[in-house]
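Letter by letter, the chains look like this.
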Amino acid sequence: MDFRQIEYFKAVVEAGSVSQAAKNLNMTQPPVSHAVAKLEAELGVRLLERTAKGVHPTQAGLYLLSKGERLVADRDRATATLKLMGEGAVGDLRIGVEPMVINEIVADVLAEFLDQVPGARVSLTDVTPDLIVQGIQDGRLDMGCIPFGPGQFAGFVTDLCDSYPILGIEIKLAVPRYRAREDHPDGKGWGRWILPYRIPAFTGMPEVVGKALAGDDSFEVLEVSTPQTSVAFVAAGLGVAPVTRRIAGRTDAVTLLDPPRWLAPMQATLLWRRDAEITPLMRHWLEATRVVAEHRRALRS
């Protein structure tokens with residue numbers, strides 16, 4: 001039994017005769033008669049009562065008509081959904097996001113993406129960059145967004161992932177407000193720095209700060225899981241921390257200063273597995289990312 005047989009059978013019942021059904025279908029009568037006869041043979045039951053006044057469905061025919069209409073409707077819905085999936089208009093997209101880039105760009109990318117494909121479902125997983133790479137590697141994530149540029153990747157990340165550098169994220173130095181007027185040339189003499197813990201997959205802020213302040217006797221490190229965590233510690237007077245303006249917000253106990261010249265902007269980068277299929281939804285996310293990045297760059301210029 002195929003959908004064409006069901007559609008022909010339905011047309012015959014609605015027309016009341018095979019000949020009229022054939023006319024309604026813009027066909028000749030033999031193919032329609034053959035399709036209905038083949039359907040009856042396959043099912044082993046009579047579907048039509050043939051009389052001088054035309055044809056009428058049997059009890060089995062009425063049952064098939066009710067079920068068949070639902071099957072055809074389900075077929076049509078499935079076909080339409082699959083077409084939309086092929087166009088990237090519906091479906092599920094799983095994105096791993098480092099907390100800092102959520103504030104800096106991902107929220108805007110998500111808004112742009114849903115404007116393009118409102119029927120899509122996006123799952124954002126807020127995790128550290130090493131777990132994003134692991135999720136991409138084992139297939140739990142389709143893409144990820146991290147605050148590292150390709151030049152900061154360990155070799156295995158470069159081998160595993162394709163990447164799209166999005167834009168630079170400006171860094172500020174958060175200091176306790178009561179220390180805001182202190183003078184610390186080249187960032188030395190601040191004492192304790194509150195930094196994210198080192199991640200073997202990337203060379204980032206801990207390595208840069210540690211190298212620049214290697215000769216500073218006052219330098220020590222308090223490690224935290226995310227830059228957001230550091231703001232509360234700075235407010236409590238425990239040290240200074242590289243943050244972004246959006247992360248620090250308007251915390252009364254914290255002042256944001258220009259960073260030392262050696263503390264360059266972070267690079268937000270989009271990752272996906274090199275050997276994975278680039279789905280239409282992934283292409284839409286990449287396009288939304290490009291749109292937002294271009295808008296940000298235009299505002300800065």
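Calculation criteria
Residues numbered from 1 in each chain as written. Predicted model: local features only at pLDDT ≥ 70, side-chain atom pairs only at ≥ 80, totals over all residues. Heavy atoms only, no water. Phe/Tyr/Trp six-rings, centres within 6.5 Å; stacked < 30°, edge-to-face > 60°. Helix = DSSP H or I, 4+ residues; strand = E, 2+ residues; numbered from the N terminus. Buried < 20%, exposed > 50% of the residue type's maximum accessible area, 1.4 Å probe, protein only. Expected span 1.5 Å × (residues − 1). Bend = angle between axes of the 7 residues up to and from the residue. Pairing = 2+ DSSP bridges. Axes fitted to C-alpha atoms, helices over the stretch in contact; angles between N-to-C directions. Contact = heavy atoms within 4.5 Å. 1 Å grid on protein atoms, 1.4 Å probe; cavity = no way out; pocket = protein on both sides within 12 Å on 5 of 7 lines; lining within 4 Å. Points joined across faces, edges and corners; volume = space filled by probe spheres on them. Nonpolar A, V, L, I, M, F, W, Y, C, P; charged D, E, K, R; others polar. Core = buried A, V, L, I, M, F, W, Y, C linked by side-chain atoms within 4.5 Å. Arc of directions from axis to C-beta.

Taken as a whole and judged by the stated rule, the model has four aromatic pairs. Taken together, a centroid distance of 5.6 Å and an interplanar angle of 80 degrees make the contact between Phe 153 and Phe 202 edge-to-face. Of this pair, Phe 153 sits in the loop between β5 (143-146) and α7 (155-160) while Phe 202 is found in the loop between β8 (192-196) and α8 (205-212), placing the two residues 49 residues apart along the sequence. The class for Phe 153 is buried, based on a relative accessible area of 12%. For Phe 202, a relative accessible area of 3% corresponds to the buried category. Taken together, the ring pairs in this structure connect Phe 148, Phe 153 and Phe 202 into an aromatic cluster.

In an α-helix there are 3.6 residues to a turn, and that puts residues three or four apart on one side. The end-to-end C-alpha distance of helix α5 (residues 99-116) is 24 Å, a good match for the 26 Å that 18 residues give at a rise of 1.5 Å each. For α5, the principal kink sits at Ile 105 and spans about 60 degrees. Within the span of α5, buried status applies to Pro 99, Met 100, Val 101, Glu 104, Ile 105, Val 106, Val 109 and Phe 113.

Taken together, three strands build an open sheet; the order of strands is β10-β7-β11 and the sheet is antiparallel. Here the strands that pair on one side only, and so sit at the sheet edges, are β10 (241-243) and β11 (254-257). Ignoring strand direction, the axes of neighbouring strands in this sheet form an average angle of 40 degrees. Sheet contacts for helix α9 (residues 227-235): β7 (172-176), β10 and β11; angle to β10, the most-contacted strand, approximately 130 degrees.

Rolling a probe over the atoms, with the probe sized like a water molecule, indicates the empty space that remains. By volume, the largest pocket is sized at about 410 Å³. As for the largest pocket, its lining consists of 33 residues, of which Pro 147, Phe 148, Gly 204, Met 205 and Met 266 are closest to the centre. Within the residue set of the lining of the largest pocket, elements represented by two or more residues are α5, β8, α8, α9 and β12 (266-273). Here the lining of the largest pocket takes four residues from α8, the largest share from any one element. Of the residues in the lining of the largest pocket, the class split is 22 nonpolar, eight polar and three charged. Of the pockets and cavities examined, the second largest pocket occupies roughly 250 Å³. Lining the second largest pocket are 13 residues; nearest its centre among them are Glu 104, Glu 170, Arg 246, Arg 296 and Arg 300.

Before going further, it helps to examine the nonpolar core. Ranked by size, the top nonpolar core spans 50 residues in total, and within it Ile 166, Trp 193, Leu 270 and Trp 285 carry the most contacts. Here this core gets seven residues from one element, more than from any other, and that element is helix α11 (residues 280-300). Filtering out sequence-adjacent residues up to four positions away, Trp 193 remains in contact with Leu 173, Gly 187, Val 209, Leu 213, Phe 219, Glu 220, Val 221, Leu 222, Val 240, Pro 242, Pro 260 and Trp 262. Grouped together as the second largest cluster of nonpolar side chains are 16 residues, Val 18, Val 36, Leu 48 and Val 55 included.

Another aspect to go through is α8. Residues of α8 that are buried include every one of Met 205, Pro 206 and Val 209, and no others. Down the axis of α8, the buried side of the element spans an arc of 95 degrees, and every buried residue falls inside it. Residues of α8 that are buried sit in contact with β8, β10 and β12.

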